[in-house]
There are 2 protein chains.
Amino acid sequence: MNTAAGSSVARRKAQWSTVEEIKQYILELRLHPGDPLPTETELCEALGVSRSSVREAMRTLSSLDIVEVRHGHGSFVGGLSMSPLVSGLIFRSVLDSEGDLRTLREVVDLRIALDLGTAEELVELHRGGPPRDDLRGLVERMRQHTARGEGFAEEDGAFHRELLAGLDNTIVRQLVSALWEVHTEVVPKLGLPPARDIDKTVEAHEAMLDALEAGDVEAYRTAVADHYQPLLTAIEAAVASNSATPAAPREARIS
Amino acid sequence: MNTAAGSSVARRKAQWSTVEEIKQYILELRLHPGDPLPTETELCEALGVSRSSVREAMRTLSSLDIVEVRHGHGSFVGGLSMSPLVSGLIFRSVLDSEGDLRTLREVVDLRIALDLGTAEELVELHRGGPPRDDLRGLVERMRQHTARGEGFAEEDGAFHRELLAGLDNTIVRQLVSALWEVHTEVVPKLGLPPARDIDKTVEAHEAMLDALEAGDVEAYRTAVADHYQPLLTAIEAAVASNSATPAAPREARIS
DNA sequence: CGACATTTGTGCGTATGTATT
DNA sequence: CAATACATACGCACAAATGTC
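Residues numbered from 1 in each chain as written. Chains lettered and ligands numbered in written order. Predicted model: local features only at pLDDT ≥ 70, side-chain atom pairs only at ≥ 80, totals over all residues. Heavy atoms only, no water.

### A look at the overall build of chain A
For clarity, the cut-off: Helix and strand assignments come from DSSP, with helices taken as H or I runs of at least 4 residues and strands as E runs of at least 2, each series counted from the N terminus. Residue burial is assigned from relative accessible area. The probe radius is 1.4 Å, only protein chains are included, and a residue is buried under 20% of its type maximum, exposed over 50%, and partly exposed in between. Pairs of residues are marked as contacts when any of their non-hydrogen atoms sit within 4.5 Å. Only the protein chains shown count as covering a residue, and every accessible area follows the Shrake-Rupley method with a 1.4 Å probe.
Each helix and strand in chain A was counted, giving eleven helices and two strands. Of the regular secondary structure in chain A, the N- to C-terminal order runs α-α-α-β-β-α-α-α-α-α-α-α-α. A total of 255 residues make up chain A; the buried ones form 48% of that total. The contacts of chain A with a sequence gap of at least 6 include a subset with a gap of at least 24, amounting to 68%. With the model as given, the accessible surface of chain A reaches about 12500 Å², and the carbon-plus-sulfur share is 52%.

Right, here's the structure in full:
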């Protein structure tokens, strides 16, 4: 036992253990996102493992956004965001992109389900409240962009984010934002054309807003369905044109 | 240039690059979950980086379930599941467990939203279809377990999984399963008591099933709300008893 | 601005446990 | 059982980023 390793028992599963130990450290000290963590060297001594193990554990935790590592500065408790979900869904979407775009369609369907599932609470929340001038303004800007033949991804994202701003549910809001992000990241990667009937989408946003302020749940649900329809048909169209020209797997750059 | 590092240009951002390169490799070869990947040594040569970098990249990808590493066997394309989301949500839930159990409540609210948001499609799907004898059997077993004073986590999980089995949306089904898993993993960690009024929960499952087979969307939505009510009140009760005895942060075991 | 300390990032050699053959 | 292939882990040295004086 001259160079490496401690007792063969202790070092077994040292890696899995290290991840859990660091998580325990955060939990037991009640650290919050942004709080500083010990340096890698200190963690090595505290946990009795080598720096390689600590580093791999920190890599795992940082990819889950449980810790955030800043080069030359230190490590901190991470934002506990949905970024791992976003990476995974984007990868899945691109992976079956040459097929039937199934994942992308499913992501859109999930967005629909979330908008429908929060409909009642959202309408109830706006009952008797002030009109949503912020959302009204976003719709107006969408209309202006459309008139100029431009897109309005910025306004669309803001609309769906602000729509749920009053929900008192961070996870739902983060999930909705994450799914929106997946969609907007994947579409350019696949070279999909932006939806054709843009006008309808703007109108659908307005209809959602009207129904919301009118307190009409059923109208809101209908507007949600109408809103996503152009997206779904665009995906279907892309699938049709894709299956016409099935791309053969390219050779990998590496190997 | 005797010991470490290649040219300072080539190794720039080697870390970020390595993860992306491996993802590209999978994408360009159109690999599917379970397909084998090159050994770490081969990846080192192919990407021109050291084993450390490849290992850390593989750690990142494996924690995102994009690759799966089997000890002493090799690396394979991962299942692209929701496991990163589960880890993250469990950690978040436990982290604010000594507070207001906010994350746990939000997870339950998200489950409600998903069940409500898929209500219409689910009812439509069952219209004219055969009765769900499988779900009926699960409810019956729940009732038997309750009569013996036992829990029925197994049957509950199966019920909510099988409920959406016909949905043709893998992501929604995986998300629902993932959230159920978060809930059942977190509750024991926090030592929360199982819901008190178990009978109502069994009845609510039955009511959901009845409404589904009757094709009554509105009754289904009501049953969903009733179903989650015991859970929500249990969480509220735990918050109340928690705030009575606010635990001070313990000293961390390490450091 | 430059010199310096601190901290993370990368490379490499090596030892060891484990699964396959 | 032995040989082989592979993943896991350790330790050190150097590179690069960041903050401070």
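### Overview of the side chain of glutamate 106 of chain B
Tracing the backbone through its elements, the reader meets glutamate 106 of chain B in helix 5 (residues 102–117). Judged by its relative accessible area of 1%, glutamate 106 of chain B falls in the buried class. In contact with glutamate 106 of chain B, other than residues within four places in its own chain, are Asp168, Asn169, Thr170 and Ile171 of chain A together with Arg92 of chain B.

### Side note on the interface of chain B and chain A
Accessible area lost upon the coming together of the parts is a frequently used measure of interface size. Stated formally: Joining two parts hides part of their accessible area as seen by a 1.4 Å probe, and the buried area is that hidden amount summed over both. Take a side-chain nitrogen of Lys or Arg and a carboxyl oxygen of Asp or Glu: if they are within 4 Å of each other, that pair is a salt bridge. Charged residues are taken to be Asp, Glu, Lys and Arg, nonpolar residues to be Ala, Val, Leu, Ile, Met, Phe, Trp, Tyr, Cys and Pro, and polar residues to be all remaining types, Gly included.
Taken together, the contacts link 64 residues of chain B with 64 residues of chain A. The junction of chain B with chain A conceals about 6100 Å² of combined surface from both sides, 60% of it contributed by carbon and sulfur atoms. On the chain B side of the contact with chain A, Arg30, Arg59 and Phe91 of chain B bury the most area, a combined 13% of that side's loss. On inspection of chain B and its partner chain A, the count reaches seven salt bridges. Looking at which element gives the most residues to the side of chain B that touches chain A, the answer is helix 5 of chain B, with eleven residues. Looking at the side of chain B that touches chain A, its residues break down into 33 nonpolar, twelve polar and 19 charged.

### Concerning the relation of the copies chain B and chain A
Put simply, the test is: What sets the superposition is a least-squares fit of C-alpha atoms, and only residues with pLDDT of at least 70 in both copies go into it.
Between the two copies, chain B and chain A, the superposition gives an RMSD of 0.1 Å; the rotation angle is 180 degrees and the shift along the axis is 0.0 Å. The superposition of one copy onto the other is thereby described by a two-fold rotation axis. No C-alpha of chain B approaches the rotation axis more nearly than that of glycine 117 of chain B, which lies at 1.9 Å. Comparing contact sets, 100% of the residues at the interface of chain B also lie at the interface in chain A, consistent with an isologous, same-surface contact.

### Some thoughts on the packing of helix 2 (residues 40–47) of chain A against helix 3 (residues 51–63) of chain A
Residues and elements named next belong to chain A. Our working rule: Lines fitted to C-alpha atoms define the axes, with helix axes restricted to the stretch in contact, and inter-axis angles between N-to-C directions lie between 0 and 180 degrees. Oblique is the label for any angle not under 35 degrees, not over 145, and not in the 65 to 115 range, which are roughly parallel, roughly antiparallel and roughly perpendicular in turn. We call a crossing left-handed when the near helix sits turned anticlockwise from the far one by less than a right angle, and right-handed when that turn is clockwise.
At a minimum axis separation of 9 Å, helix 2 and helix 3 run at an interaxial angle of 110 degrees. Our classification of the angle between helix 2 and helix 3 gives roughly perpendicular. Here helix 2 runs over helix 3; the crossing is right-handed. Across the interface between the two elements, Glu40, Leu43 and Cys44 from helix 2 touch Arg51, Val54, Arg55 and Met58 from helix 3. Grouping the amino acids of the contact of helix 2 with helix 3 by side-chain chemistry returns four nonpolar, no polar and three charged.

### Thoughts on helix 3 of chain A
Residue and element names in this part refer to chain A. For the record, the criterion: One less than the residue count of a helix, multiplied by 1.5 Å, gives the span that helix is expected to have.
Spanning 13 residues, helix 3 covers 18 Å between terminal C-alpha atoms, matching the ideal 18 Å at 1.5 Å per step. Among the residues making up helix 3, those that are buried are Ser53, Val54, Glu56, Ala57, Met58, Arg59, Thr60, Leu61 and Ser63. Phi for aspartate 65, located one or two positions after helix 3, is positive at around 60 degrees.

### Brief notes about the domain arrangement of chain A
So the rule is basically this: Boundary definitions for the domains trace back to an automatic or database domain assignment.
Domain parsing of chain A yields domain 1 (3–77) and domain 2 (83–242). Each of domain 1 of chain A and domain 2 of chain A was reduced to a C-alpha centroid, and the two centroids are 39 Å apart.

### Quick look at empty space enclosed by the protein
Remark: the empty space left among the atoms is shown by a probe the size of a water molecule rolled over them. Going by this rule: For each structure, a 1 Å grid was placed over the protein atoms alone; sets of points admitting a 1.4 Å probe that cannot get out are labelled cavities, open sets with protein on both sides within 12 Å along at least five of seven lines are labelled pockets, and lining residues have an atom within 4 Å of a point. Grid points are joined across faces, edges and corners, and a volume is the space filled by probe spheres set on the points.
Under the criterion given, the structure shown has four cavities of 30 Å³ or more. For the largest cavity, the calculated volume is near 80 Å³. Lining of the largest cavity is provided by Leu64, Leu80, Ser81, Met82, Pro84, Leu85 and Gln174 of chain A together with Pro84, Leu85, Gly88, Leu89 and Arg92 of chain B. Among the elements of the structure, helix 4 (83–95) of chain A together with helix 4 (83–95) of chain B are those that each provide at least two residues to the lining of the largest cavity. For the lining of the largest cavity, the leading source of residues is helix 4 of chain B, giving five residues. When the residues that make up the lining of the largest cavity are grouped by side-chain class, the tally is eight nonpolar, three polar and one charged. The calculated volume of the second largest cavity comes to roughly 70 Å³. Of all the elements in the fold, those that place two or more residues in the lining of the second largest cavity are helix 4 of chain A together with helix 4 of chain B. In terms of residue count, the dominant contributor to the lining of the second largest cavity is helix 4 of chain A (five residues).

### As for the pairing of strand 2 (residues 74–77) of chain B
All names here are of chain B. Filter applied, for reference: Any two strands with at least two DSSP-identified bridges between them are counted as paired.
Taken together, the four bridges between strand 1 (residues 67–70) and strand 2 define a ladder with antiparallel strand orientation. When the bridges of strand 2 are listed, arginine 70 appears paired with glycine 74. Taking the residues that link successive antiparallel strands as the turn, the strand 1-strand 2 hairpin has three residues, and the phi of glycine 72 there is positive, at about 70 degrees.

### A closer look at the pattern of salt bridges
Under the criterion given, the structure shown has 38 salt bridges over all chains. Across the salt bridge formed by glutamate 20 of chain A and lysine 23 of chain A, the nearest N and O atoms sit 3.7 Å from each other. Note that glutamate 20 of chain A and lysine 23 of chain A are positioned in helix 1 (residues 14–28) at a spacing of three residues, about one turn of the helix. Residue arginine 148 of chain B pairs with glutamate 150 of chain B through a salt bridge whose shortest N-O separation is 3.6 Å. Linked by salt bridges that have partners in common, Glu40, Arg51, Arg55 and Arg59 of chain A together with Glu56 of chain B make up one network.

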